[in-house]
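Chains, contacts and geometry: an overview
The chain contents come next:
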Amino acid sequence: MSKYIIRGGTPVAGDIRIKGAKNSVLTLLAACILTDGKVTLHDCPHISDVNTMLAILERLGCRTSRTGDDVTVDSAGISGDKIPGGLASELRSSIFLLGSLLSRLKKAKVAYPGGCEIGLRPIDIHLAGLRELGVRIVEKHGYIDCDSTRAHSADIMLDLPSVGATENLVMTCVFLKGVSVIRNCAKEPEIVDLQNFLNAMGAKVSGAGTGIITIEGVEKLHGVEYTPIPDRIVAGTWLIGAAICGGELTLSNVNPEHLSSLIAKLPKSTCKITCARDKINIICNGRCESIPKVETTYYPGFPTDLQTQILTLQTVSDGTSVVVENIFETRFKTVPELLKMGADVTVNGRTAVVRGVRSLNGARVSATDLRGGASLVLAGMCAQGETVIDNIYHIDRGYEDLTSVLSSIGVNIKRI
Ligand code: UD1
């Protein structure tokens, strides 16, 4: 089993170019099967979640190839409508194939999805929306069996603005005759990216980024070349890294607007942030003051996917901070690992109280999920001495070639 070994305590210095967003790329890969034309996605990160999604597409009879950062999917020969349990449990995004399979083949059989160990992650909102669209659903033996031969456009109200359910339902609606409306939908930038991608293929989707999306059914979509939005969570992770370690970092290929909730939270007294159109420069001097309260919520609020990273910053900031997790139930799983490194954190349900300590100490710790794993890397980067991180396959799901990226900004890290 691979592990990371990090010698902490040095400030960061350098530039990082951010690749396409994992959460966009995975959704767009699912959407590729909406056309029998070829689709090329540029700037795809080399991460294991993308590889798993490509393996699922291959299993369905698509041809996929990768040249550098370009991934091409040709689904002309798609034959299967069943996502096997083994693969689906590796990747929660396989559930997003439900919508695109139903649009393309009129039926889909998807095993209950897997993904990060961060909470219950039910799919009731996805299924309720599909039922509103007239999809017949039978749930048995761990599979969701769907038939959309009688599907029709509809006006749907979501119980919660779920990202996955919004994406799935948009994909289910693209070919339905008439106009479908999805209300109380998610507003995340990845939804806007899906809309732009589908429209570039010939779809008629509007309203993404607001709470109401309208989809006018079209007959057919065509192949396209497309560049997904940059990964705001990877970019945010390294901004927090600069705040934790001190130093100067310039991120390129970023959309500063997508990170405004994080930028607003980072303490202005120690973190000087300058944004250009697609660049962010951060210069951090000295120890940060604690941020009194960070509360995760839906976009444009503070993202749950950066909660553990900002909590890690609080462990070495001056003062006490309260971190509230409103999206997923068990997203404080990394706290026991941070305690091993000398952090002072008390968790009570969805709330963590973090009292800043002088410094963290290197320790042997274990990643329990993707973003938690990235937070342990940040903790290792600022800790005194050596940190060994086990179970780094979680981190491989979403962070490309971490050793090269972090070495290039002066971090002493190796993978063995
Ligand atoms: C996506 C992202 C994930 C991010 C999350 C929230 C991908 C691959 N993953 O996950 O990184 O952390 O958005 O921004 O894009 N819910 C239900 N019933 C449902 C669906 C969701 O109750 O049918 C609840 C969830 O338990 C959670 C909340 O809604 O509390 C938000 O989940 P959702 O937006 O669906 O997250 P994902 O799409 O799974």
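Up top you'll find the structure we're talking about.
One structure accompanies this document, and this report is about it. The structure displayed is predicted, hence computed values, not measured ones.

All right, on to the overall build of the chain then. Broken down by element type, the chain carries 14 helices and 24 strands. Relative to the 2.2 N^0.38 estimate, which gives 22 Å for 416 residues, the radius of gyration of the chain is 21 Å and therefore close to what a compact globule would have. When the backbone C-alpha atoms are referred to their principal axes, the chain occupies close to 65 × 45 × 40 Å. By the burial criterion, 59% of the 416 residues in the chain qualify as buried. Taking the intrachain contacts of the chain between residues at least 6 apart in sequence as the baseline, contacts between residues at least 24 apart amount to 72%. About 15700 Å² of surface is accessible on the chain, with carbon and sulfur atoms providing 50% of the total. Side-chain charges of the chain comprise 44 positive and 43 negative groups, with the mean position of each set lying 2 Å from the other.

Counting residues in hydrophobic clusters, the biggest one holds 69 residues, and the most contacted among them are Leu 29, Leu 97, Phe 197 and Leu 198. If you tally residues by element for this core, the top one is helix 1 (residues 22–31), at six residues. Judged by nonpolar contacts, the second largest core, of 67 residues, contains Ile 244, Cys 271, Ala 352 and Ile 395.

The subject of this paragraph is the sheet that holds strand 3 (residues 38–41). Hydrogen bonding along the main chain pairs the strands of a sheet, whether they run parallel or antiparallel. Judged by pairing direction, the sheet is mixed, and its four strands sit side by side in the order 4-5-3-14 without closing on themselves. Edge positions in the sheet fall to strand 4 (63–67) and strand 14 (224–226), since each has one partner strand and no second. For this sheet, the mean inter-axis angle between neighbouring strands, taken without regard to orientation, is 15 degrees. Each of strand 3, strand 5 (70–74) and strand 14 touches helix 1; the most contacted strand, strand 3, lies at about 175 degrees to it. Against the sheet, helix 2 (residues 48–59) makes contact with strand 4 and strand 5, and its axis sits at roughly 150 degrees relative to strand 4, the strand it touches most.

A separate point is the packing of aromatic side chains. Going through the model one piece at a time under the given rule, you end up with two aromatic pairs. For the ring pair Phe 197 and Tyr 226, a centre distance of 5.3 Å and an interplane angle of 75 degrees mean the geometry is edge-to-face. Separated by 29 residues along the polypeptide, Phe 197 in helix 7 (residues 189–200) and Tyr 226 in strand 14 bring together distant segments of the chain. Look at Trp 238 and Tyr 399: their rings are 5.7 Å apart centre to centre, the planes differ by 65 degrees, and that puts the pair in the edge-to-face class. Here the residue Trp 238 occupies a position in helix 8 (residues 232–245), and Tyr 399 occupies one in the loop between helix 13 (393–396) and helix 14 (402–407), the gap between them amounting to 161 residues. For the pair shown, Trp 238 and Tyr 399 are each scored as buried.

A few words on the state of the cysteines. For the coordinates displayed, the defined rule picks out zero disulfides. In this structure Cys 32 is not part of a disulfide, and its nearest cysteine sulfur, from Cys 62, lies 8.3 Å away. In this structure Cys 32 comes out as buried when scored by relative accessible area, which is 1%. Note on Cys 382: no disulfide assigned, nearest cysteine sulfur contributed by Cys 245 at a separation of 5.7 Å.

A few words now on helix 6 (residues 163–173). What sets the pattern is the α-helix's 3.6 residues per turn: residues three or four places apart point alike. Extensive coverage of helix 6 is indicated by the burial of 10 of its 11 residues. Where helix 6 is concerned, the buried positions are Gly 164, Ala 165, Thr 166, Glu 167, Asn 168, Leu 169, Val 170, Met 171, Thr 172 and Cys 173. Sitting at the head of helix 6, Ser 162 places a side-chain oxygen 3.5 Å from the backbone nitrogen of Gly 164.

Now for the pattern of salt bridges. Considering all chains together, one arrives at 18 salt bridges under this definition. Residue Asp 318 pairs with Arg 287 through a salt bridge whose shortest N-O separation is 2.9 Å. With Asp 318 in the loop between helix 10 (307–315) and strand 19 (320–324) and Arg 287 in the loop between strand 17 (279–284) and strand 18 (293–295), this residue pair connects regions lying 31 residues apart in the sequence. By relative accessible area, which is 38% here, Asp 318 ends up partly exposed. Linking Lys 293 and Glu 295 is a salt bridge whose minimum nitrogen-to-oxygen distance equals 3.4 Å. On the basis of relative accessible area, Lys 293 is assigned to the partly exposed category, the value being 42%. When its relative accessible area of 36% is taken as the criterion, Glu 295 is described as partly exposed.

This brings us to the packing of helix 4 (residues 97–105) against helix 6. Orientation of helix 4 relative to helix 6, taken along the N-to-C sense of each, is 5 degrees, at an axis distance of 7 Å. Classed by the angle they form, the pair helix 4 and helix 6 counts as roughly parallel. On helix 6, the residues that touch Leu 98, Gly 99, Ser 100 and Ser 103 of helix 4 are Asn 168, Met 171 and Thr 172.

The next thing to look at is the site of the ligand. Not every one of the 19 residues close to the ligand is listed here, only the nearest: Asp 124, Ser 162, Val 163, Asp 305 and Ile 327. Contacts to the ligand include Gly 164, whose backbone N or O atom sits 2.8 Å from an oxygen atom. One of the backbone nitrogen or oxygen atoms of Ile 327 is found 2.5 Å away from an oxygen atom of the ligand. Calculation on the ligand without its partners gives an accessible area of 740 Å², and the protein chains cover 89% of this total. Within the residue set of the shell around the ligand, elements represented by two or more residues are helix 5 (124–132) and helix 6. For the shell around the ligand, the element with the highest residue contribution is helix 5, accounting for three residues. Classifying every residue of the shell around the ligand gives eight nonpolar, six polar and five charged.

Rules behind the numbers
Residue numbers restart at each chain and count upward from 1, following the sequence in its written direction. Confidence filtering applies because this is a predicted model: local features only for residues at pLDDT of at least 70, side-chain atom pairs given and counted only at 80 or more, and all residues used for totals across whole chains, interfaces and linings. Only hydrogens and water are set aside; all other atoms, that is, all heavy atoms of the structure, feed into the side-chain values. Numbering of helices and strands starts at the N terminus; helices are DSSP runs of H or I of at least 4 residues and strands are runs of E of at least 2. Just to be clear, the radius of gyration here is over C-alpha atoms, and the globule rule we use is 2.2 Å times residues to the power 0.38. Only protein chains enter the calculation, and the probe is 1.4 Å; a residue is then buried if its accessible area is under 20% of its type maximum, exposed if over 50%, and partly exposed in between. Throughout, a residue-residue contact means that at least one pair of heavy atoms, one from each residue, lies within 4.5 Å. A 1.4 Å probe and the Shrake-Rupley method give the accessible areas. Residues count as covered only by the protein chains that appear here. Within this scheme the basic residues Lys and Arg register as positive and the acidic residues Asp and Glu register as negative, but His and the chain ends are omitted. Each charge is placed at NZ for Lys, CZ for Arg, CG for Asp and CD for Glu. Nonpolar cores were defined as sets of buried Ala, Val, Leu, Ile, Met, Phe, Trp, Tyr and Cys residues, with membership established by side-chain atoms within 4.5 Å. What makes two strands pair is DSSP finding at least two bridges between them. Every angle, taken between N-to-C directions, lies between 0 and 180 degrees, and every axis is a line fitted to C-alpha atoms, over only the stretch in contact when it is a helix. In this analysis, rings of Phe, Tyr and Trp, with Trp reduced to its six-membered ring, are considered paired at centre separations within 6.5 Å, and the interplanar angle assigns stacked below 30 degrees, edge-to-face beyond 60, and tilted for intermediate values. Any pair of cysteine sulfurs within 2.5 Å is marked as a disulfide. Contacts described as polar in this section are N or O atom pairs within 3.5 Å, which, within protein, must combine one atom able to donate a hydrogen with one able to accept it, while residues neighboring in sequence count only if both atoms come from side chains. The salt bridge criterion pairs a side-chain nitrogen of Lys or Arg with a carboxyl oxygen of Asp or Glu, the two atoms within 4 Å. Any angle from 65 to 115 degrees is called roughly perpendicular, while one under 35 is roughly parallel, one over 145 is roughly antiparallel, and all others are oblique. Put simply, a residue is near a molecule or strand once any heavy atom of it comes within 4 Å of that molecule or strand. Amino acids are sorted into nonpolar (Ala, Val, Leu, Ile, Met, Phe, Trp, Tyr, Cys and Pro), charged (Asp, Glu, Lys and Arg) and polar (every other residue, Gly among them).

So far we have only geometry, and geometry alone does not tell us how the molecule works.
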